[in-house]
Number of protein chains: 2
Amino acid sequence: MDETAFATALEALRRDRLLGASELARRGLQALAESALGMAARDAASLRQGLRARAARVQRARPSMAPLVGLVRSWSEGLGDLPAADLDEARRRAAERAGELVARSRRAVEQAAAHAAAAIGPGKTLITHSLSATVVEVLRRLAGKGVRAIVTESRPLNEGYRLAALLSGLGVPTRLITDAQLGLAVAQADLALVGADSLLPEGSLVNKAGTYLLALAARDRGLPFWVCCEGFKRRDEEMPPLELERMDPGELGAPDLAGVEIANVYFDITPARLIDAWIDEEGVRRSTP
Amino acid sequence: MDETAFATALEALRRDRLLGASELARRGLQALAESALGMAARDAASLRQGLRARAARVQRARPSMAPLVGLVRSWSEGLGDLPAADLDEARRRAAERAGELVARSRRAVEQAAAHAAAAIGPGKTLITHSLSATVVEVLRRLAGKGVRAIVTESRPLNEGYRLAALLSGLGVPTRLITDAQLGLAVAQADLALVGADSLLPEGSLVNKAGTYLLALAARDRGLPFWVCCEGFKRRDEEMPPLELERMDPGELGAPDLAGVEIANVYFDITPARLIDAWIDEEGVRRSTP
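What you are looking at is a predicted structure, and each value in this text was computed from that prediction instead of being measured.

Draft legend 1. Summary view of the overall build of chain A. Within chain A, the regular secondary structure consists of 9 helices and 11 strands. In terms of overall size, chain A behaves like a compact globule, its C-alpha atoms giving a radius of gyration of 20 Å where 289 residues would be expected to give roughly 19 Å. In terms of its C-alpha atoms, chain A occupies a principal-axis envelope of roughly 65 × 55 × 35 Å. Mean positive and mean negative side-chain charge positions of chain A (38 and 38 charges, respectively) differ by 3 Å.

Draft legend 2. Fine view of the relation of the copies chain B and chain A. Mapping chain B onto chain A is achieved by rotating through 180° and translating by 0.0 Å along the same axis, at an RMSD of 0.0 Å. When the rotation and shift are considered jointly, the pair of chain copies conforms to a two-fold rotation axis. Of all interface residues in chain B, 100% are interface residues in chain A too; the two copies therefore contact each other through one and the same surface.

Draft legend 3. Quick look at the interface of chain B and chain A. Chain B puts 45 residues into the contact, and the matching count from chain A is 45 residues. There are 6 salt bridges connecting chain B and chain A. Its salt-bridge partner being B:Glu153, residue A:Arg155 comes within 2.3 Å of it at the nearest N-O pair. Applying the counting rule to chain B against chain A returns 28 residue pairs in polar contact (both at pLDDT 80 or more). For the side of chain B that touches chain A, the secondary-structure elements that each account for two or more residues are helix 7 (159-170), strand 3 (174-177), helix 8 (182-185), helix 9 (211-221), strand 8 (260-262) and strand 9 (267-270) of chain B. With 6 residues, the single largest contributor to the side of chain B that touches chain A is helix 9 of chain B. A per-class count over the side of chain B that touches chain A returns 27 nonpolar, 9 polar and 9 charged.

Draft legend 4. Structural context of the sheet that holds strand 5 (residues 198-199) of chain B. Residue and element names in this part refer to chain B. Strand order in the open sheet formed by 3 strands is 5-6-9, and the pairing between neighbours is antiparallel. The open sheet has two edge strands with one neighbour each: strand 5 and strand 9. Pairing geometry for strand 6 (residues 205-208) and strand 9, over 4 bridges, is antiparallel. Looking across to strand 9, one finds that Lys208 is bridged to Phe267.

Calculation criteria
- Residues numbered from 1 in each chain as written.
- Chains lettered and ligands numbered in written order.
- Predicted model: local features only at pLDDT ≥ 70, side-chain atom pairs only at ≥ 80, totals over all residues.
- Heavy atoms only, no water.
- Helix = DSSP H or I, 4+ residues; strand = E, 2+ residues; numbered from the N terminus.
- Rg over C-alpha atoms; globule rule 2.2 N^0.38 Å.
- Lys, Arg positive; Asp, Glu negative; His and termini not counted.
- Charge placed at Lys NZ, Arg CZ, Asp CG, Glu CD.
- Least-squares fit on C-alpha atoms with pLDDT ≥ 70 in both.
- Contact = heavy atoms within 4.5 Å.
- Salt bridge = Lys/Arg side-chain N within 4 Å of Asp/Glu carboxyl O.
- Polar contact = N/O pair within 3.5 Å; in protein donor to acceptor, adjacent residues only side chain to side chain.
- Nonpolar A, V, L, I, M, F, W, Y, C, P; charged D, E, K, R; others polar.
- Pairing = 2+ DSSP bridges.

Honestly, it's all geometry; don't read function into it.
Quick look at the structure:
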């Protein structure tokens with residue numbers, strides 16, 4: 001992957017508003033694997049240097065995405081172990097290690113979903129917000145076992161419509177609601193289950209704006225609120241401070257009015273005190289980690 | 001107003017999704033005033049009988065709208081006082097009484113807004129949900145006194161865009177957010193202020209879906225949550241049991257998918273325990289009535 005192709009891949013990461021944080025991380029690793037195999041380098045040392053620089057650029061493309069920052073950092077640190085004398089072998093090993101991390105991330109999502117599905121059991125109605133690949137995997141495992149879903153539009157991009165289409169394909173009976181109906185809909189659910197954009201060190205959840213409202217409504221009605229995600233979603237102290245990205249106000253489609261500012265913040269923070277269980281590839285935790 | 005024109009007016013009441021409950025009540029009274037002046041009747045007794053039948057039809061057009069049911073009932077009860085011998089005088093008096101009730105309802109909204117504006121004072125940022133004519137009147141009274149507003153889109157019909165346009169016209173600096181950002185936005189506000197579709201006898205609030213979420217977020221952040229509306233918004237024991245109207249799912253604009261039901265419930269109920277003040281034409285109450 002030459003500089004032009006890499007810059008194009010970076011720009012796609014930067015502009016994406018549809019993929020989950022883990023899938024973005026995997027795409028970043030994929031671009032780095034292709035860089036390892038194809039970028040110009042006169043020897044293994046210069047390859048390592050070049051790849052570290054590209055890894056830093058991938059991390060900076062979406063600094064608020066914990067799995068992207070974490071998985072790429074893990075890969076970048078591993079570059080120290082590359083053979084110093086054999087350029088081709090160094091290329092192969094760097095690409096292989098990126099592939100392993102991608103596979104590990106996919107496996108972690110599947111394991112987390114398996115733990116969640118086992119803990120939930122058959123015959124339940126789950127309410128969720130936004131589109132989480134992990135939550136889809138949980139529902140896939142419970143499909144045909146009496147599971148039902150309540151899903152939100154998830155303005156402004158309405159990724160809830162894509163979630164509803166996925167669940168339609170899986171044969172999961174689904175109710176689609178406006179985000180504003182979350183408070184009404186918790187009364188029809190047994191459990192609130194969401195994925196994560198990231199988890200803060202003390203267990204608070206960064207996820208699509210509106211998740212905090214779902215957690216408040218769930219608590220007010222005595223409904224359990226669970227979060228399910230791979231361990232790489234956890235932010236650590238070395239990551240840049242969390243910044244809630246402000247996106248293009250034009251996404252709302254609202255009229256342009258004098259004196260009216262349009263706010264389009266994608267994420268809100270659900271305090272750990274509103275979360276009843278954290279589920280990742282290691283299992284179900286009922287108290288803050 | 002002959003039967004055809006009256007049926008058209010009723011149908012407009014039934015189909016309306018934009019006007020507030022009080023304005024709908026005033027339009028209902030207007031149709032009854034025109035009925036009083038123009039419907040066929042051979043004497044005052046048959047006029048009274050005909051008007052009572054039409055009043056019942058107006059109430060049945062939107063049985064969940066407390067002011068419509070309450071104001072029309074009040075008007076219908078007053079028909080007993082019409083002169084029994086003078087048809088023309090009976091017509092005039094019935095129309096006049098409808099006009100008085102319309103004026104009284106308008107005055108009540110203004111007085112409630114005046115009480116709210118005085119209690120809020122200058123320099124505050126108010127967050128609201130949906131479009132309430134009463135809240136607009138409060139903001140009109142505070143415009144130019146440092147007031148700022150945070151308003152939601154209010155899906156599915158986005159009446160928040162019309163509210164933003166009204167506030168733009170009043171020169172009130174305004175931030176427009178998606179409904180899902182309510183939890184984030186309470187952190188930037190001093191007070192949550194909403195109107196009411198109706199109030200239940202024990203003080204709980206029936207209002208646009210999402211109001212309950214705003215009240216939960218306000219309480220979680222220690223923000224006061226106030227409701228301001230005319231006294232006719234209060235439901236009493238004689239009204240039909242509250243039914244949360246389900247509207248046309250097509251309003252969401254969501255795709256039609258096998259096994260996916262689209263829910264479009266307009267109203268939710270905010271329990272009285274989440275409300276810090278009730279304001280009507282008589283003043284500000286800090287405890288449930």
